[in-house]
Amino acid sequence: MSVLRLLASRILFSVLTLLLVSVLIFLILEALPGDVATRILGRDATAKALELLRSQLDLDQPALVRYFQWLGDFLRGDLGVSIATGRPITDVLGPRIVNTLLLSLFAFAIYLVLALVPAIIQATNRGKAVDNIISVITLVLLSLPDFLLATILLFLFAVAVPILPALATISEASTWQETLRAMVLPAVTLAIMMAVYAIRVLRDSLIEVLRSDYVRLAELKGLRPTAVLFRHALPNAIVPALNVTALNFGFLIGGVVIVERVFSYPGFGTLLIDALQLRDIPLIKATVMISAVVYVAANLVADVLAVLLQPRLRTSR
């Protein structure tokens, strides 16, 4: 029963967080002082164009009415119409979300390997040369800005040793081999950016767990080192890294703008930048709100997994 109460409280907190985010999005984009239509079309817009846009955005309605109308439409899946293209936002977002989802899944798979393998090597060789070398490498990568890491990989594997395409341009006509090849560089960039944070957290956590009494008891029982590591130590050590992983997953959906820009990848983050440049307010609201939903949902899943993986968290509440 305590697990259900904990889950209910987490869900309620997540819903309240998203409601607050929706209010902030609406206030920043529509309810601030000034004419929204003029901000979108510019001062040189004609009176007829301004009147048409105000009618399209329901700017003649009170702000509170417009907020609840927008929130209700969003919950029903009606994201409105893009001002820049005149197309339904769902049609505009659909292909971009699919592209970013494919890139995210590819990057996440690489991230799991890049985070787990070095952390396990470090924890099982604490204080040795390999531990120090990996620590130095992660610190160097941690200090690199996103765009610089992407540029270095681009130069190495698309210019110096041209084995991968410099531009990750894909379309509906691309084969799966072409799509996979185009995603390698941006996916590896994203995976490295995420893994350098998780490696340090997982290493420290794994070292602490390997010193615990129950792990030593398992060793005294004669279990193989690999069984002790993967069956007893790793499931408990991985819990602190779940929050980092949840943040990384949210980052994958909403924070890949720089990487997508460097590699010209037609994804969700690039669409958000285009919407900001074009002042397409309905599209901006939809993309930012979707990013918030994914980010909050990722943290909720991490909390639930932490409780399921560590029984003492269930009994301590």
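In this text, all values refer to a predicted model and were calculated from it rather than measured experimentally.

## Side note on the nonpolar core
Item 1. The biggest cluster of nonpolar side chains holds 31 residues, and the ones touching the most others in it are L103, Y111, L185, L190, F263 and Y265.
Item 2. Counting residues per element, the ones that place at least two in this core are α5 (89–124), α7 (146–160) and α8 (176–210).
Item 3. Among the elements that take part in this core, α8 stands out by supplying 13 residues, more than any other.
Item 4. With residues near it in sequence (within four places) discarded, L185 still touches L153, L154, F157, A158, L164, P165 and F263.
Item 5. Core analysis: the next-biggest nonpolar cluster, separate from the first, contains 23 residues, L29, L93, M289 and A292 among them.

## Observations concerning unusual backbone geometry
Item 1. Here S264, not a glycine, exhibits a phi torsion of approximately 55°, which is positive.
Item 2. On the accessibility criterion, S264 (35% relative accessible area) is partly exposed.

## Some words on helix α6 (residues 129–143)
Item 1. Counted at 1.5 Å a residue, the expected span for α6 with its 15 residues is 21 Å, and the 21 Å between its end C-alpha atoms agrees.
Item 2. Residues of α6 that are buried include every one of D131, I134, S135 and T138, and no others. The buried residues of α6 all sit within an arc of 105° when viewed along its axis, so they share a single face. Exposed and oriented more than 90 degrees from the buried face of α6 are A129 and S143.
Item 3. Buried residues along α6 sit against α5 and α8.

## What to know about the UniProt feature "transmembrane region" (unreviewed entry) in the chain
Item 1. According to UniProt, the positions carrying the feature "transmembrane region" (unreviewed entry) are residues 7–29, 101–121, 133–163, 183–202, 241–263 and 283–309.
Item 2. Between the end C-alpha atoms of residues 133–163 the distance is 28 Å, and the span holds 84% helix and 0% strand.
Item 3. Along residues 183–202 one finds 100% helix and 0% strand; the C-alpha atoms at either end are 27 Å apart.

## Examining the packing of aromatic side chains
Item 1. According to the stated counting rule, one finds 6 aromatic pairs in the structure shown.
Item 2. Taking the centre distance of 5.2 Å and the plane angle of 70° together, the rings of Y67 and F68 count as edge-to-face.
Item 3. Measuring from ring centre to ring centre gives 5.5 Å for F108 and Y111, while their planes differ by 40°; the resulting arrangement is tilted. Note that F108 and Y111 are positioned in helix α5 at a spacing of 3 residues, about one turn of the helix.

## Concerning a nonpolar patch on the surface
Item 1. A surface patch of nonpolar side chains, amounting to about 860 Å² of accessible area, comprises F147, L148, I152, F155, L156, F157, V159, V161, I163 and I258.
Item 2. The element best represented in the nonpolar patch is α7, accounting for 7 residues.
Item 3. Note that F155 resides in helix α7.

## A word on the side chain of S22
Item 1. Its location among the elements puts S22 in helix α1 (residues 2–31).
Item 2. Residues in contact with S22, not counting those within four places in the same chain, are Y67, W70, L71 and M289.

## Some thoughts on the side chain of R203
Item 1. You can see R203 is positioned in helix α8.
Item 2. A polar contact of 2.7 Å, which involves the side chain of R203, links it to the side chain of D204.
Item 3. Ignoring sequence-local partners within four residues, the contact set of R203 consists of A119, Q122, A123, R126 and D131.

## Points about the packing of α5 against helix α13 (residues 268–278)
Item 1. Between α5 and α13, whose axes approach to 8 Å, the crossing angle comes to 140°. In this view, α5 runs oblique relative to α13, as classed from their interaxial angle. Side by side, α5 and α13 meet where V92, L93, R96, I97 and T100 of the first sit next to F268, G269, T270, L271 and D274 of the second.
Item 2. Partitioned by chemical class, the residues of the contact of α5 with α13 number 5 nonpolar, 3 polar and 2 charged.

Cut-off values and rules
- Within each chain, residues carry numbers counting from 1 in the order of the written sequence.
- Only residues with pLDDT of at least 70 are given local features in this predicted model, and only at 80 or more are side-chain atom pairs given and counted; all residues enter the totals for whole chains, interfaces and linings.
- Excluding hydrogens and water, the side-chain values take into account all heavy atoms of the structure.
- By nonpolar core we mean a set of buried residues, namely Ala, Val, Leu, Ile, Met, Phe, Trp, Tyr and Cys, connected to one another through side-chain atoms within 4.5 Å.
- Each residue is assigned to one of three classes by its accessible area relative to the maximum for its type, calculated with a 1.4 Å probe on protein chains only: buried under 20%, partly exposed between the two thresholds, exposed over 50%.
- In this description a helix means any DSSP run of H or I spanning at least four residues, a strand means any run of E spanning at least two, and both kinds are numbered starting from the N terminus.
- For this analysis, residues touch if any pair of their heavy atoms sits within 4.5 Å.
- To estimate how far a helix should reach, multiply one less than its number of residues by 1.5 Å.
- Arc definition: directions from the helix axis to the C-beta atoms.
- UniProt positions are given in the numbering used here, feature names are shortened, and annotations may be inferred rather than shown by experiment.
- In this analysis, rings of Phe, Tyr and Trp, with Trp reduced to its six-membered ring, are considered paired at centre separations within 6.5 Å, and the interplanar angle assigns stacked below 30 degrees, edge-to-face beyond 60, and tilted for intermediate values.
- Like-charged residues within 9 Å of one another, or nonpolar side chains (Val, Leu, Ile, Met, Phe, Trp, Tyr) within 5 Å, are grouped into patches, provided each residue has over 30% relative accessible area and no salt bridge.
- Residue exposure ignores everything except the shown protein chains as possible cover, and the areas themselves are Shrake-Rupley values with a 1.4 Å probe.
- Each reported salt bridge corresponds to a side-chain nitrogen of Lys or Arg within 4 Å of a carboxyl oxygen of Asp or Glu.
- Polar contacts, as counted here, are pairs of nitrogen or oxygen atoms within 3.5 Å of one another; within protein the pair requires one atom able to donate a hydrogen and one able to accept it, and residues that are adjacent in sequence qualify only if both atoms are side-chain atoms.
- Lines fitted to C-alpha atoms define the axes here, with helix axes fitted over just the stretch in contact, and angles between the N-to-C directions of these axes take values from 0 to 180 degrees.
- Each angle receives one of four descriptions, namely roughly parallel if under 35 degrees, roughly antiparallel if over 145, roughly perpendicular if within 65 to 115, and oblique otherwise.
- Under the scheme applied, nonpolar residues are Ala, Val, Leu, Ile, Met, Phe, Trp, Tyr, Cys and Pro; charged residues are Asp, Glu, Lys and Arg; polar residues are all the others, including Gly.

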